[in-house]
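Each chain, written out:
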Amino acid sequence: MMKFVLICSLLSSAAAFAPSISNTRRGSSLYMAEDTASKPLRIGTRGSPLALAQAYETRKRLQEQFEELRPDGMIEICVLKTQGDMILDKSLMELGGKGLFTKELDTALLGNEVDICVHSMKDVPTWLPDGTILPCNLPREDTNDAFISGDPAIKRPSDLPDNAVIGTASLRRQAQLLAINPTWKCVNFRGNVQTRLRKLDDGVVDATLLAIAGLKRMDMDGCATSVLDWDEMLPAVAQGAIGIQCRSDDERSLKYIDALNHPPTKACVDCERAFLEALDGNCKTPIAGQARIVDDKILFKGLIAMPDGSVKYETESEGAIEDAKKIGRAAGEKLKAEAGEKFFEMMVEMSPQQVLGQITK
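Residues numbered from 1 in each chain as written. Predicted model: local features only at pLDDT ≥ 70, side-chain atom pairs only at ≥ 80, totals over all residues. Heavy atoms only, no water.

Draft legend 1. Fine view of the packing of aromatic side chains. Under the counting rule described, the total for this entry stands at four aromatic pairs. The rings of Y313, F343 and F344 are connected pair by pair, giving a single aromatic cluster. Between the NZ or CZ atom of R292 and the centre of the ring of W230, over which it lies, the distance is 3.7 Å. (Phe/Tyr/Trp six-rings, centres within 6.5 Å; stacked < 30°, edge-to-face > 60°. Lys NZ or Arg CZ within 6 Å of the ring centre and 35° of its normal.)

Here's what the structure looks like:
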């Protein structure tokens, strides 16, 4: 079991009680440089096993790149609870969707309680709070979804019988599953990876789906019955990508995280997020979008659907890597025009119960 040895409480900022710096010291650039260099770099993260695994991966990469961050105590892992972590008996849509896993981290960052925040990019809204930037994506893990069955004989979703019960909190997954077989029932299935797998073992559902990236980061990919390709289950925008955010005026943190950025991943994530932004996607709209780089070109595939899978719009496009955002935006605008205003008006007007057609388990 992974041991997490350093958790710093962020209930209040110690900076508010720090003594003021004298005028002499303020005038000394040498003093300020030494003072900044000696401060630990504080990484803000959620407290789930997956979030902590990603924070520790970030710490490892920083220490590999920067000798001054290698001594004990020079990087602190600061754990915060988000609204999305605390309320597990409701769907994300009922709680308000995007930002549920980032708001508290944003507040801590802007309050100078942490220096950088490590995110699963699929949880990050397409807008960022003023005063913050997200210039870094680590090398991306496999983006596909894993299918996990409670019956060893059932290897893929298509093997499930009529009226099977599938656990998922994702409208994206629900829509694509019900497009395969509308007799299946998707039930709201929240909690961390370990909680979901325990529910599957207890027979609460017949199967579930999780991002294979998260399973791999926790050395749990052996739990997957199969890994689904894009034609079976198109993944979420930015799935499998880790992003690192900092204050826009924090030159020290920028120096550190710029060195970790993986340009191919950043280009693909930028393309996908531009697609999502163009659709003005909300938590009631099943949206999937993925980009990959093949032969020095960026290839993109996206879809939007009704939550019951009865209607689905898809698009594919390609172009130069430097045009990643433009490609994603154009794909989103294309689907938005094809679906028409009525499609999105219906999503907004639907109640959570109408959209989900689910019960919470």
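Draft legend 2. Structural view of the sheet that holds strand β11 (residues 287-294). The strand order across the open sheet built from three strands is β11-β12-β13, with neighbouring strands paired in antiparallel fashion. The sheet is open, and its two borders are formed by β11 and β13 (312-320), each paired with just one other strand. Going from strand to strand, the sheet's axes swing by 15° on average, the running direction of each strand aside. Sheet analysis places β11 next to strand β12 (residues 297-305), joined by eight bridges and oriented antiparallel. Looking across to β12, one finds that Q290 is bridged to K301. Sitting on the sheet, helix α7 (residues 171-180) touches β11, β12 and β13, and the angle it makes with β11 is about 95°. In the packing of helix α11 (residues 263-279) onto the sheet, contacts are made with β11, β12 and β13, and the angle to β11 comes to roughly 150°. (Pairing = 2+ DSSP bridges. Helix = DSSP H or I, 4+ residues; strand = E, 2+ residues; numbered from the N terminus. Axes fitted to C-alpha atoms, helices over the stretch in contact; angles between N-to-C directions. Contact = heavy atoms within 4.5 Å.)

Draft legend 3. Representation of the sheet that holds strand β1 (residues 41-45) in the model. Taken together, five strands build an open sheet; the order of strands is β2-β1-β3-β10-β4 and the sheet is mixed. At either margin of the open sheet sits one strand with a lone partner, and together these are β2 (75-79) and β4 (132-137). When strand polarity is set aside, the average angle formed by the axes of neighbouring strands in this sheet is 30°. As judged from the five bridges shared by strand β3 (residues 116-120) and strand β10 (residues 242-247), these two strands associate in the antiparallel manner. Considered in β10, the bridge of V118 is made with I244. Together, β1, β2, β3 and β10 form the strand contacts of helix α3 (residues 49-65), whose direction differs from that of β1 by roughly 155°.

Draft legend 4. Local environment of the pairing of β3. Burial runs high along β3: five of the five residues are buried. The side-chain alternation of β3 yields two buried faces, one formed by I116, V118 and S120 and the other by C117 and H119. Here two bridges tie β1 to β3, and the two strands are oriented parallel to one another. Within β3, the residue paired with I43 across the bridge is I116. (Buried < 20%, exposed > 50% of the residue type's maximum accessible area, 1.4 Å probe, protein only.)

Draft legend 5. Spotlight on the nonpolar core. F275 and I304 are the most contacted members of the largest nonpolar core, which has 27 residues in total. Per element, the largest residue contribution to this core is eight residues, and it comes from helix α12 (residues 324-349). Once residues within four sequence positions are removed from consideration, I304 is found in contact with L279, P286, I287, V311, K312, Y313, L335, A339, F343 and F344. L69, I116, C136 and L138 belong to the second largest nonpolar core, which has 21 residues in total. (Core = buried A, V, L, I, M, F, W, Y, C linked by side-chain atoms within 4.5 Å.)

Draft legend 6. Representation of the pattern of salt bridges. Within the structure shown, the criterion is met by 20 salt bridges. Taking the shortest distance from any N to any O, the salt bridge between K326 and D323 comes out at 4.0 Å. On the basis of relative accessible area, K326 is assigned to the exposed category, the value being 54%. On the basis of relative accessible area, D323 is assigned to the partly exposed category, the value being 27%. Here E338 ties to K334 by a salt bridge, and the two come within 2.8 Å at their closest N and O atoms. With E338 and K334 both in helix α12 and four residues apart, the pair spans about one turn of that helix. The partly exposed category is assigned to E338, whose relative accessible area is 41%. A single network of salt bridges, built from pairs that share partners, joins R42, D115, R247 and D250. (Salt bridge = Lys/Arg side-chain N within 4 Å of Asp/Glu carboxyl O.)

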